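Structure at a glance
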Amino acid sequence: MRAAVDPGRGWSGSAWVWARRLTQSLALVTIVLAPLLGGWQRLDRSEMAVFAAGGWDLPDTVRGRLPLGDRPTKAYDALVLHGGGSAVEYLSVPVVDPVAGSAALLRTGLSWKLAIAFGLPLLLAALLGRVFCGWLCPFGVIARATRSVLARLPWHPPVWRLPDRRPLRWLILGGAVAISVVGVQAAVFFFLPHLAVQQTVYAYWLLGGGGAIAGVLLGLIAAGLVFGPTAYCATLCPTGAALNLAARGKRVGVTLDDPKACGKHCHLCDSACWLGLHPASGDPGPDCDSCARCFPVCPRDNLRVAVGKPRRRHLPVVAAGLLLALAAPAAAQPRAPTKPDYLLNGERELDGVTVAVSMVDQTGVKLDLDWSEAEQGIELSLFVARGTRGDADERGLLPAREVYTGPLEVELRPAGGDPVALSWDAPNSPVSTQGTEIYRRRIEVDIEPGDEVVVRAIPGWLARDVRWTVPAAGTAPGAGATLLVAAAAALIFMGLLSLALAVPDRAGAAQPLRGPDGNGS
Amino acid sequence: MTQDRAPRAKRRRRWKKLVVPAAEPRSRRRFVVQGLALVAGGAALLVTRFRPSAWAAETDRVPVRPPTASLDDAAFRAACIGCGMCGTVCENGCIRYFGADEATWGPLTPFLDVRRRSCTLCMRCTQICPTGALSPVEDDMETIAATVDMGVAVVDPDRCISYLGRVCGYCHDACPLPAKAIRLVPPAKPVVMTDGCVGCGRCVELCPQFPTAIDIVKRRLG
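A quick note: this is a predicted structure, and the numbers were derived from the prediction, not measured.

1. Here we look at the overall build of chain B
Along the backbone of chain B there are 9 helices and 7 strands. Residue burial in chain B is summarised as follows: out of 222 residues, 53% are buried. For chain B, restricting intrachain contacts to residue pairs at least 6 apart in sequence, the fraction spanning at least 24 positions comes to 63%. Accessible area for chain B stands at about 9700 Å²; split by element, carbon and sulfur atoms hold 56% of it.

2. Re the overall build of chain A
Of the regular secondary structure elements, chain A holds 17 helices and 15 strands. By residue count, 54% of the 521 residues in chain A fall in the buried class. Counting every atom, chain A has about 22300 Å² of accessible surface; 62% of that belongs to carbon and sulfur.

3. Considering the packing of aromatic side chains
Residues and elements named next belong to chain A. Tallied over the entire structure, the rule returns 7 aromatic pairs over all chains. Arranged with centres 6.0 Å apart and planes meeting at 75°, the rings of W424 and Y439 form a pair that is edge-to-face. Of this pair, W424 sits in strand β12 (residues 420–424) while Y439 sits in strand β13 (residues 439–443); the two residues are 15 residues apart in sequence, bridging distant segments of the chain. For W424, a relative accessible area of 4% corresponds to the buried category. An aromatic cluster of at least three residues, connected via ring pairs, comprises Y404, W424, Y439 and W461. Of note, R21 hangs over the ring of W18, and the distance from its end group to the ring centre comes to 4.4 Å. Here the guanidinium or amino end of R386 rests over the ring plane of W461, the centre of that ring lying 3.9 Å away.

4. Observations concerning the pattern of salt bridges
Where charged atoms of side chains with opposite charge meet at close range, the side chains can pair. Applying the stated criterion to the full structure yields 24 salt bridges over all chains. The closest approach of N and O atoms between E347 of chain A and R159 of chain B, which form a salt bridge, is 3.4 Å. Of the two residues, E347 of chain A is situated in strand β7 (residues 341–350) and R159 of chain B in the loop between β4 (152–155) and α7 (161–164); the pairing between them involves two chains. This pair shows no difference in class: E347 of chain A is buried, exactly as R159 of chain B is. The partner of D73 of chain B in a salt bridge is R77 of chain B, and the shortest N-O contact between them spans 2.5 Å. Remark: R77 of chain B and D73 of chain B occur in helix α3 (residues 73–79); sequence separation between them is 4 residues, near one turn of the helix.

5. Focus on the nonpolar core
By size, the foremost hydrophobic cluster in this structure holds 69 residues, and its most contacted members are F139, Y232, L236, F295, L303 and F493 of chain A. If we ignore the near neighbours within four places in the chain, the residues touching F493 of chain A are F190, F191, V216, G219, L220, A223 and Y232 of chain A.

6. A word on the sheet that holds β12 of chain A
The pairing of strands in a sheet comes from backbone hydrogen bonds and takes either a parallel or an antiparallel form. Residues and elements named next belong to chain A. Strand order in the open sheet formed by 4 strands is β12-β11-β14-β15, with antiparallel pairing between adjacent strands. The open sheet has two free edges, formed respectively by β12 and β15 (466–469), since each of these has just one partner strand. Adjacent strand axes in the sheet meet at a mean angle of 15° when their direction is disregarded. Examined bridge by bridge, strand β14 (residues 452–455) and β15 share 4 bridges and lie antiparallel to one another. Within the sheet, the bridge partner assigned to V454 lies in β15 and is R467.

7. Quick look at the state of the cysteines
Taken as a whole, this structure holds 0 disulfides over all chains when the rule is applied. This cysteine, C237 of chain A, is not joined by any disulfide, and C133 of chain A carries the nearest cysteine sulfur, 6.2 Å off. Of all cysteine sulfurs in the structure, the one in C175 of chain B sits closest to C200 of chain B, which takes part in no disulfide; the separation is 6.1 Å.

Here is what the cut-offs are and how they apply
- Residues numbered from 1 in each chain as written.
- Chains lettered and ligands numbered in written order.
- Predicted model: local features only at pLDDT ≥ 70, side-chain atom pairs only at ≥ 80, totals over all residues.
- Heavy atoms only, no water.
- Helix = DSSP H or I, 4+ residues; strand = E, 2+ residues; numbered from the N terminus.
- Buried < 20%, exposed > 50% of the residue type's maximum accessible area, 1.4 Å probe, protein only.
- Contact = heavy atoms within 4.5 Å.
- Areas by Shrake-Rupley, 256 points an atom, 1.4 Å probe, with all protein chains shown as cover.
- Phe/Tyr/Trp six-rings, centres within 6.5 Å; stacked < 30°, edge-to-face > 60°.
- Lys NZ or Arg CZ within 6 Å of the ring centre and 35° of its normal.
- Salt bridge = Lys/Arg side-chain N within 4 Å of Asp/Glu carboxyl O.
- Core = buried A, V, L, I, M, F, W, Y, C linked by side-chain atoms within 4.5 Å.
- Pairing = 2+ DSSP bridges.
- Axes fitted to C-alpha atoms, helices over the stretch in contact; angles between N-to-C directions.
- Disulfide = S-S within 2.5 Å.

Read these as spatial facts, not as claims about activity.
Right, here's the structure in full:
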């Protein structure tokens, strides 16, 4: 590596740093902006998922100022940077995270598009090393921002020296792939921080969920406050490990311009390295992401990228923007819901008998804008029929089926309360039709996701009870559950980091950052 | 380079003061013990207190998948890597995802709950899918009518307000392919034309009856 000699000095250290900041900002902005534009173009059809799932409308102050009509769609059509859950498409070039997609790759036929999506990141790593980590990873931006904020505090938490040997990440990489083969992909998202960022933003804006994955992200950041924000990237991250594997034979990276010009025991570049590598040795190894963070700290400008290795830094302003974007929906004032909220929409078949149920929360809905009074309560409707639907006649009309019209008993079982029994003698809806075949009632019970609705067995029709569980509106558990996940994730990540830091260095390997006497100056 | 040497030097000093070696032999045992304890504690907290919000199946039916997904759901699950791109580009937000812990229908695979929000047939999801689980379709109604088959609408005459004796016709008014997929016979009884229906679910979303009198059922292969 030290043989790498390049005529001319090329870019200066700070030029590398600014180039890296540019790609980092672009990557982070894509992650935040692409789903946001997706939500914006939906505004004239519906509300953004994050609001709709909460039963809110977008605040009028915001909505009134937003350009709507065909402009959001045009803006979205012009967008060439898309980001999904574990994939992105930049300028029509698809890229998939190799670790998160690895299990899926085993069961999916290979197409040219998929080959590009999986091949690009690996090819990039094979040529340039872990440049993804240094130049693109959104968690990297957050971690570096956290680190820079910590460094500016009047009171400094300790910064732990990262060991050179990092065996735990191979265990996590193997475990993540093995677990996702089994089909529990949640575990993969748990351990891949950049996907946690992407999933959080994406799920919040578009899917009306994201509470659990946001908890994981919070936990990881909290663990980073204790053991160093970037310690996870260096010692545990499975994507980093996979890219490290791919980068074993890389040709481009950070190297010393002239090893003899280095001061003795200087190692300033070593202490600047956010991955705990040793650029002072002339070869930081396959983990080096060419972030160029070691360039400007060198008193002799002795480091550069050569065909034969590099690295990166923090963007507090962009990170603050990201946090703001995440916090904005939470800060928006929720208003009373004005749309009916579909709580349950179920249909089951049991021994040829169809039981259909619907539960709609009508609270706050006005059937007429001029009415001063709004609807209250939840409307529960049931329908029981049996037999095949039959064939249409020459006009296309379908024959009627045998519909149950006897007494019906239903039980609502809230997850944490006493069951509520409801009964009908006969169907009561729709009124003013020849056929009255639906059992309907307004109920004043609070229904939460997870509550059960049980239709009691009907002699001669249903041999046993039919039950439904009210599904969650979005994928989001409540704020309490998010905090719980965050706490659990923080404990797990802190534990793993603690284990990773306890790994002893090889005897006689790199020098510690501080002298053995413990005074570094 | 020279003009920012002073702040750099300051930063250098700051970091040098901060770094603490962790892996001293003396503290190594402490780090291992505290690490194991923290992992165990976090895992216990997760297991005992956290209930994953499993998608509660409301029907036993095969879920409606995005347009051009294979009618054989197992084949679709095999081709889908759960990357989430289709939901990002969806102009209507109708593509939803099963949870990461979904066992039956594939973790993180997309589906449509057409009763809550139906498909506008914009075909963006088919164009961005990186794996071929969805195959590209041009955004043109004739092409869509010829190629897309997400299922077929089925009317239940016992629940349908028009069949019960009043005049409704909401499903017909909502249909993006009127006279191709659905027609009304007097007074306003809806009749689905099985060959023309693409299964977008507009009729299901707008049906004013509860429980819905029209629903999308996936076709069987062959």
